[in-house]
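So the chains spell out like this:
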Amino acid sequence: MTPDLDRIRGEVLEVSYRDDLTGYTVAKVVTPEGETVTVVGSFPLIMAGERLSLLGRWGRHQRYGLQFRAEKLRVEMPVSEEGLVRYLSSGLLPGVGPSVARRIVEAFGGDTLEVLDNHPERLLEVPGIGAKRLDEIRRRWEEHRHRRHVMMEIMDYGIGFSMADRIFCAYGDLAPQVIRNNPYQLAYDVKGIGFVTADQIAKGMGFDDHAPERLDAGLVFVLRRSIDDGHSMLPQEDLLRGAERLLNVRADLLSQRLELLCQMGTLEREILGGMECIYHPFLRRAEEEVARAVMDLAASGGPRLKWELDLMISALEGQWGMTLEGPQREAVKGALSHRIFVITGGPGTGKTTLLRFTAALCESMGLEVLLMAPTGRAAKRMSEVTGLEASTVHRALGYDPRSGGFQRGSGAPLEADVVVVDEFSMVDLPLFHGLLSALGDGCSLVLVGDVNQLPSIGPGTVLNDLISSGAVPKVELSGVFRQAEESLVVSNSYRILRGEELEMPSLDDGFDFAFVEEEDPIAAAELVAELVGYEIPRRTGLDPMWDVQVLTPMHKGEVGARALCLRLQEVLNPSGEPLRRGEGAIRRGDKVIQLKNDYDLDIYNGDIGIVREAQGDGLVLDFEGRPVKVGADGERNIALAYALTIHKSQGSEYPAVVVPVLSQHSSMLKRNLLYTALTRAKRLAVLVGSRRAVSMAVKVKSDVCRYGALKWRLSSLIKGGSL
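Model, not experiment: these values are computed from the prediction.

**With respect to the overall build of the protein**
No. 1: Secondary structure summary: the protein contains 27 helices and 28 strands in total.
No. 2: In terms of overall dimensions, the protein is globule-like: its C-alpha atoms have a radius of gyration of 30 Å, near the 27 Å expected for 723 residues.
No. 3: Taking all 723 residues of the protein together, the buried fraction comes to 53%.
No. 4: When contacts within the protein are restricted to residue pairs at least 6 apart in sequence, long-range pairs at least 24 apart make up 65% of them.

Structure follows, in structure tokens:
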């Protein structure tokens, strides 16, 4: 027996509670001595009537009393007639309640499970079971039996329930065989399982530190981790150095395995500017194809000649009663006289006006214009600005979450004359590759974005590379319009970019920017809650739930998104009925955010909704008046939204933002982070924290250091070279 663990055995009387997301279960178990014990823990689905052998520790819950906290368990099938009745009537089999279950057990007695396993057709002998119900029972029984058996085999390797569930979803019945053959395969195939977890499993199975499977997985993991950090590739020396630190293995052994991985095509090596670089094959291909496609577009003309455009622009200016400034006019002309064109600029420079004008001009010219943005929130804002339909880039391209590819491509191009993408700084290399692949013959591409904002979460610095390479015609808007000049949010945004100290008046001074000083993180968190819940609504009349958004540099810490969400939940929704337990518990009436695109439900990354009720095994959410039922699996993709990370807020705007900036965020404090947070505010921005931390953020220049060769490839093609 495992040291320091107690063992109990018993039969499940009932399952009082189960969280399908984590496997956390509360059950009543009757021991052979007739004692009823409350058992808690995370484990596979258990049913009333099953016999359990449990290892764990006794503990006392403050509210619920004595409990057995199970860490390991073995499930055995019921043998007593009462246990069999409870088991079959526990909801396991469709249409089988207590009375039908009792008739089944009375008919077959101790052979009941053998009949279900091997002779299910004999259930037709039981009154009340016909052919249709038999088919349903047979199907459900087989699913349950196979899944339970496989899950228990997976968990025998010391793997917890939630991880075992992900492994089962990836491999099905083959999961135990995959783990036996090469546990490091999990790090390649199963989302949420990285090298470190796979390494722990492998070591428990006796794998050696120098096992080829371990060295290969470590090298691939280091490269994948760099991709998660935004790199498109790594210099070979950096890859070997990172793998050496991770694996504690000599570099010469790793070099040998890297050579084999490149020979097999798992990774690819390319010499760029005299430096050996290692790529994931797809990203290398994406870089090359993007560079060629961009150069082909740049060499082609747009849908209209410039002299025609001048007349059309003047006509629309007359209709709108406005006159475009010089750079704005050049931007509109450039957008429609080139096949690819970039419009960039900071806050207050008129990008929104340009977006509206360009879309309207396209319509007046009889051109089919397609508007898109990287996130649902950004697409919604784009639609509000232009009065035209806009969608996410993924949705426009027909993203298939099952294959990870797009339905739109060279064989099924986008049906548009002009494609306009807003918030383009958020677009990464793979997504841009997909977009370019889907452009039809003669279709023009207009890219609008602020190069000074945070780069894409995915690999690459596409907007920066397009601009700095000189491969793409562009207009950079720099003049701030008179209305924007009066905004302290706008002027402070440009001070951040120049590395200058900010003007930081108090909230009482009445500007659209304010600073509230508090260096203690806990006190700062309390101030944030007070500002959101009371002070800002009192001064501005804004709705604290929907108009005031907290943006923070990090997830963790007293002033991180997680802790602030829970604190603000108590302020903004204190009496909401709890609908989901555990950390980040969801209540009726909570403000939540969708974390991933769900194309089946038509909800997208960044969409904000409200929790209406629990229904069955899921929740009903309201997204701007549209009810959406999210099942148990979908609940993984929602989170409280009272506080968001600044990265998550990209592409969105809010009437007011509150941004904690403290020294505990020092690793994240850079110009582009603070700049992005500030430029989310439409009416009011309030910084809460220390002057030292704000100064630190302004001083740390946010040059994006990401390994990639898109700029190099574009420059090479401009000079007449090859890729």
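Additional details are given in the paragraphs that follow.
**Overview of the sheet that holds strand β5 (residues 65–76)**
No. 1: Taken together, five strands build a closed barrel; the order of strands is β1-β2-β3-β5-β4 and the barrel is mixed. Taking the axes of each pair of neighbouring strands and ignoring which way they run, one obtains an average angle of 50° across the sheet.
No. 2: Where strand β4 (residues 51–61) lies against β5, eleven bridges are found, and the strand directions are antiparallel. Bridging from a neighbouring strand, Gly56 pairs with Ala70 of β5.

**Structural notes on the state of the cysteines**
No. 1: One pass over the structure, following the stated rule, counts zero disulfides.
No. 2: Cysteine Cys362 remains unbridged, with the sulfur of Cys443 as its closest cysteine sulfur at 10 Å.
No. 3: Look at Cys362 and you get buried, because its relative accessible area is 0%.

**Notes on the UniProt feature "binding site: ATP" (unreviewed entry) in the protein**
No. 1: UniProt records the feature "binding site: ATP" (unreviewed entry) for Gly348, Thr349, Gly350, Lys351 and Thr352 in the present numbering. In the annotated group above, the largest cavity draws its lining from Lys351.
No. 2: You can see Thr352 is positioned in helix α15 (residues 351–364).
No. 3: Thr352 gets classed as partly exposed once you look at its relative accessible area, which sits at 40%.

**A look at the nonpolar core**
One recurring pattern in soluble globular proteins is that nonpolar side chains are buried together.
No. 1: Grouped together as the largest cluster of nonpolar side chains are 43 residues, with contacts concentrated most on Val419, Val421, Phe432 and Leu445.
No. 2: Viewed by domain, this core spans two of them, domain 2 (171–281) and domain 3 (286–477), each represented by three or more residues.
No. 3: The contacts of Val421, once residues within four sequence positions are left out, are Met372, Val393, Val427, Leu435, Leu445, Val446, Leu447 and Val448.
No. 4: Residues Met545, Ile586, Val628 and Leu662 belong to the second largest nonpolar core, which totals 39 residues.

**Description of empty space enclosed by the protein**
No. 1: Applying the stated criterion across every chain, the model contains two cavities of 30 Å³ or more.
No. 2: Taken as a whole, the largest cavity spans an internal volume of roughly 70 Å³.
No. 3: Ile343, Lys351, Leu354, Leu355, Thr358, Ala359, Val420, Val446 and Val448 are the residues that line the largest cavity.
No. 4: Those elements that place two or more of their residues in the lining of the largest cavity are α15 and β15 (444–449).
No. 5: The leading source of residues in the lining of the largest cavity is α15, at five residues.
No. 6: Broken down by class, the residue content of the lining of the largest cavity amounts to seven nonpolar, one polar and one charged.
No. 7: Its volume calculated, the second largest cavity comes out at about 30 Å³.

**Focus on the sheet that holds strand β11 (residues 390–392)**
No. 1: In spatial order, the strands read β11-β10-β14-β15-β9-β16; together these six strands make up an open sheet with parallel pairing. With partners counted over all chains shown, the strands left at the sheet margins are β11 and β16 (474–477), one partner each. Strand after strand, the sheet turns through a mean of 20° between neighbouring axes, direction not considered.
No. 2: Two elements, strand β9 (residues 340–345) and β16, share four bridges in a ladder whose sense is parallel. Bridge pairing in β16 places Thr344 opposite Glu476.

**With respect to the UniProt feature "domain: Helix-hairpin-helix DNA-binding motif class" (unreviewed entry) in the protein**
No. 1: Summarizing the sequence annotation, UniProt attributes the feature "domain: Helix-hairpin-helix DNA-binding motif class" (unreviewed entry) to residues 86–107, 121–140 and 185–204 in the numbering used throughout.
No. 2: Strand forms 0% of residues 121–140 and helix 50%; the C-alpha atoms that close the span are 14 Å apart.
No. 3: Helix makes up 75% of residues 185–204 and strand 0%, and the two end C-alpha atoms of the span are 15 Å apart.

**Quick notes on the packing of aromatic side chains**
No. 1: Evaluation of the coordinates by the stated rule reveals eight aromatic pairs.
No. 2: On the numbers, 6.4 Å between centres and 55° between planes, the contact of Tyr17 with Tyr24 is tilted.
No. 3: Each ring, one from Phe424 and one from Phe432, has its centre 5.3 Å from the other, and the planes form 75°; the classification is edge-to-face. As far as the burial class goes, Phe424 and Phe432 line up, both buried.
No. 4: One aromatic cluster is present, built from ring pairs that chain together Tyr184, Phe195, Phe207 and Phe221.

**Quick look at the packing of helix α22 (residues 521–540) against helix α23 (residues 561–572)**
No. 1: Where α22 meets α23, the closest approach of the two axes is 10 Å, and the angle between their N-to-C directions is 40°. What the angle tells us is that α22 and α23 run oblique. When the axes of α22 and α23 are compared, the crossing they make is right-handed. Residues Ile522, Ala525, Glu526, Val528, Ala529, Val532, Gly533 and Tyr534 of α22 pack against Leu564, Arg567, Leu568, Val571 and Leu572 of α23.
No. 2: In terms of residue class, the contact of α22 with α23 is built from ten nonpolar, one polar and two charged.

**Digging into helix α16 (residues 376–386)**
No. 1: Among the residues of α16, Gly376, Ala378, Ala379, Arg381, Met382 and Thr386 are the ones counted as buried.
No. 2: Of the surrounding secondary structure, the elements contacted by the buried residues of α16 are α15, β10 (369–373), β11 and β14 (418–421).
No. 3: Backbone geometry just after α16 places Gly387 at a positive phi near 75°.

**Quick word on a negative patch on the surface**
No. 1: On the surface, Glu363, Glu368, Glu415 and Asp417 cluster together to form a negatively charged patch.
No. 2: On the secondary structure map, Asp417 appears in the loop between β13 (405–406) and β14.
No. 3: Relative accessible area serves as the criterion here: at 32%, Asp417 is assigned to the partly exposed category.

**Observations regarding unusual backbone geometry**
No. 1: For Asn248, which is not a glycine, the phi torsion comes out positive at approximately 55°.
No. 2: Mapped onto the fold, Asn248 is located in the loop between α10 (236–247) and α11 (251–264).

**Here we look at the packing of helix α9 (residues 212–228) against α10**
No. 1: In contact at an axis separation of 9 Å, α9 and α10 are set at 125° when each is read in the N-to-C sense. When the interaxial angle is binned, α9 and α10 end up oblique. Crossing hand, α9 versus α10: right-handed. Residues Arg214, Leu215, Gly218, Leu219, Phe221, Val222 and Leu223 of α9 pack against Leu239, Leu240, Gly242, Ala243, Leu246 and Leu247 of α10.
No. 2: Residue composition of the contact of α9 with α10, grouped by class: ten nonpolar, two polar and one charged.

What counts and how
Residues numbered from 1 in each chain as written. Predicted model: local features only at pLDDT ≥ 70, side-chain atom pairs only at ≥ 80, totals over all residues. Heavy atoms only, no water. Helix = DSSP H or I, 4+ residues; strand = E, 2+ residues; numbered from the N terminus. Rg over C-alpha atoms; globule rule 2.2 N^0.38 Å. Buried < 20%, exposed > 50% of the residue type's maximum accessible area, 1.4 Å probe, protein only. Contact = heavy atoms within 4.5 Å. Pairing = 2+ DSSP bridges. Axes fitted to C-alpha atoms, helices over the stretch in contact; angles between N-to-C directions. Disulfide = S-S within 2.5 Å. UniProt positions renumbered as here; feature names shortened; annotations may be inferred. 1 Å grid on protein atoms, 1.4 Å probe; cavity = no way out; pocket = protein on both sides within 12 Å on 5 of 7 lines; lining within 4 Å. Core = buried A, V, L, I, M, F, W, Y, C linked by side-chain atoms within 4.5 Å. Domains from an automatic or database assignment. Points joined across faces, edges and corners; volume = space filled by probe spheres on them. Nonpolar A, V, L, I, M, F, W, Y, C, P; charged D, E, K, R; others polar. Phe/Tyr/Trp six-rings, centres within 6.5 Å; stacked < 30°, edge-to-face > 60°. Parallel < 35°, antiparallel > 145°, perpendicular 65-115°, else oblique. Left-handed = near helix turned anticlockwise from the far one by under 90°. Patch = residues over 30% accessible without salt bridge, like charges linked within 9 Å, V, L, I, M, F, W, Y side chains within 5 Å. Areas by Shrake-Rupley, 256 points an atom, 1.4 Å probe, with all protein chains shown as cover. Salt bridge = Lys/Arg side-chain N within 4 Å of Asp/Glu carboxyl O. Lys, Arg positive; Asp, Glu negative; His and termini not counted. Charge placed at Lys NZ, Arg CZ, Asp CG, Glu CD.

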